[in-house]
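So the chains spell out like this:
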Amino acid sequence: MNNHELLQALGLDGWESKQGTLISRSPIDGCEIGRLQEHTLQEVAHNIENAVQSFKTWRLAPPPQRGELIRLFGEELRAHKEELGKLITLETGKILEEGRGEVQEMIDMCDFAVGLSRQLYGLTIASERPSHRMMETWHPLGPIGIISPFNFPAAIWCWNFALAIVCGNPVIWKASEKTPFTALASAKLFERATSRFSIFTPHLLQVVLGGGELGAILVESPKIPLISATGSSHMGKAVAKSVAGRLGRYLLELSGNNAMILTPSADLALATRAISFSALGTTGQRCTSLRRLIVHASLYTEISQRLKRIFAHVTVGNPLESGVLMGPLIDQKSFEEMQIALEQARTEGGKVWGGERILQNQFPNAYYVKPALVEMQEQTAIVQKETFAPLLYLIPYQSFEEALTIHNDVSQGLSSCIFTNDVCEAEIFLSSAGSDCGIANVNIGPSGAEIGGAFGGEKETGGGRESGSDSWKNYMRRATNTINYAKDLPLAQGIQFNVETV
Ligand code: UN1
């Protein structure tokens, strides 16, 4: 199936031949997938008005009916898993297995949201007054702005979108400029679902294509009560400042700098597999990728030798081919940032293994690299920075307390894990004195989270929680209701206020 046929199968017939300034290039070979028109500032302003109108109707639909629409969307995703997965591979360079996995994550999210559409529960609260009842009700919030990154161009949007829709909110989606076709294809599949759905509500999803200035319109608009943004901490700080300036809400999933503590009692075979997947998977371009391996000194030589062998032999190449485990980096800038980080690591005393560009004869316009393993004696400045590439720092530790200190001594706080068979170490790691991250795992790596848990992290990761658990509450407003079924009016706190009534 060539690119044209792929886009056709996803309902985007002829889109790739359109003229436009937004050029989507595949990181696999640097070739153009197609050109698209960027939206204008006026169009985005219009999108906002459409969403405001759409909200007036959609908020009235019973939540289980909203869930039915997401169920239909899940069906479309199931039917087009192969094609959408391949398009994701084409635009991001992640291997096909991971492209499919991303669509599966969307399907799982739809299933979760469908169930949730019958469970938007509020509390019943004991009132201090006789013949009174208190309760909480959850109401739709309003149009939601979603700003999504290139590395999970569809799943991260879907975490937010599926919940926003069942919670009664239309969505405006500012997709990454690097992955516009994935956004359009996902929107097309949703359009197919809406055409099979009984309630017609236009503009439940509007896609915005273009640069940051378009995202800024959403971020600044008081008509968008919630902005959910995923990307770098740098971007997140700008979004937070702007949204806070209008007292709006933001939901941020930003940089990670995820570590594993590898202890003497660990199952090394298991740990090695976990390290490989979480450091090399998606070419190290997940927010949850493993970037720091904090190893007990007694295991250091053994593990570094194992990893050197694995890193040197892992199959890097065209991610559409079977057997390949690591595709290219997203672009030249990303390659250059990796090289700068490696250079700085050397300057700071690190010993670098791998990290060089490969396959440049076959793919002169793409950036394939050998994964880099960097042995550091301590956690220097570069180790504390997130480099979005297959780059793993190895740091030795002597005592468990020291390992925990190194672990938490970074500004990011997304995901973390420990490999241990010592129950006390495991429990300490998960305790309030342990990992300070939003995700803390035992005997599994930091990446590849299921959608059922709340996803997100602390510190410069932004504090937001998306996908599972009670993340849905982000997309709703809470009302506290007190109902009096007495014939008098007792006041709270026992206050007497005996006014003469006529
Ligand atoms: C991301 O890279 O921002 O847990 C998201 C994981 C995936 C999502 C990653 N489920 O690695």
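How each quantity is defined
Residues numbered from 1 in each chain as written. Predicted model: local features only at pLDDT ≥ 70, side-chain atom pairs only at ≥ 80, totals over all residues. Heavy atoms only, no water. Buried < 20%, exposed > 50% of the residue type's maximum accessible area, 1.4 Å probe, protein only. Helix = DSSP H or I, 4+ residues; strand = E, 2+ residues; numbered from the N terminus. Polar contact = N/O pair within 3.5 Å; in protein donor to acceptor, adjacent residues only side chain to side chain. Salt bridge = Lys/Arg side-chain N within 4 Å of Asp/Glu carboxyl O. Pairing = 2+ DSSP bridges. Axes fitted to C-alpha atoms, helices over the stretch in contact; angles between N-to-C directions. Parallel < 35°, antiparallel > 145°, perpendicular 65-115°, else oblique. Left-handed = near helix turned anticlockwise from the far one by under 90°. Contact = heavy atoms within 4.5 Å. Nonpolar A, V, L, I, M, F, W, Y, C, P; charged D, E, K, R; others polar.

### Looking at unusual backbone geometry
Positioned with a positive phi, Ser-131 is a non-glycine residue whose angle comes to about 55 degrees. According to the relative accessible area criterion, Ser-131 is partly exposed, its value standing at 30%. In this model, Gln-493 sits at a positive phi of 65 degrees, which is unusual for a non-glycine residue. Position of Gln-493 relative to the elements: it lies in the segment after strand 23 (476-484).

### What about the environment of Asp-422?
Relative to the helices and strands, Asp-422 resides in the loop between strand 18 (415-419) and helix 14 (423-430). Among the residues examined, Asp-422 registers a relative accessible area of 30% and is labelled partly exposed. Taking the C-alpha atoms as reference points, Asp-422 and Thr-263, separated by 159 residues in sequence, lie 8.7 Å from one another. Among the polar contacts listed, one links the side chain of Asp-422 to the backbone nitrogen of Cys-424, at a separation of 2.8 Å.

### With respect to the pattern of salt bridges
Taken as a whole and judged by the stated rule, the model has 23 salt bridges. Notably, a salt bridge pairs Arg-306 with Glu-302, separated by 2.9 Å at the nearest N-O pair. One end of the pair, Arg-306, and the other, Glu-302, are both in helix 11 (residues 300-313), four residues apart, so they sit about a helical turn from each other. Given a relative accessible area of 22%, Arg-306 falls into the partly exposed group. A salt bridge links Lys-459 to Asp-436, with the shortest nitrogen-to-oxygen separation between them at 2.7 Å. Of this pair, Lys-459 sits in strand 21 (residues 458-459) while Asp-436 sits in the loop between helix 14 and strand 19 (439-442), and the two are 23 residues apart along the sequence.

### Concerning the sheet that holds strand 10 (residues 258-262)
Ordered by their spatial adjacency, seven strands build an open sheet running 12-15-16-11-10-18-19, and the pairing between neighbours is mixed. One side of each edge strand has no neighbouring strand; the edge strands of this open sheet are strand 12 (351-354) and strand 19. The sheet shows a mean angle of 20 degrees between the axes of neighbouring strands, direction not considered. Across four bridges, strand 15 (residues 372-375) lies against strand 16 (residues 391-397) in parallel orientation. Along strand 16, the bridge assignment pairs Ala-372 with Leu-391.

### Some words on the packing of helix 3 (residues 63-79) against helix 5 (residues 96-116)
The N-to-C vectors of helix 3 and helix 5 enclose an angle of 160 degrees; their axes lie 9 Å apart at closest approach. The orientation of helix 3 relative to helix 5 falls into the category roughly antiparallel. Handedness of the crossing formed by helix 3 with helix 5: left-handed. Of the residues in helix 5, those in contact with Gly-67, Ile-70, Arg-71, Phe-73, Gly-74, Leu-77 and Arg-78 of helix 3 are Val-103, Met-106, Ile-107, Cys-110, Asp-111, Ala-113 and Val-114. Among the residues forming the contact of helix 3 with helix 5, the class breakdown is nine nonpolar, two polar and three charged.

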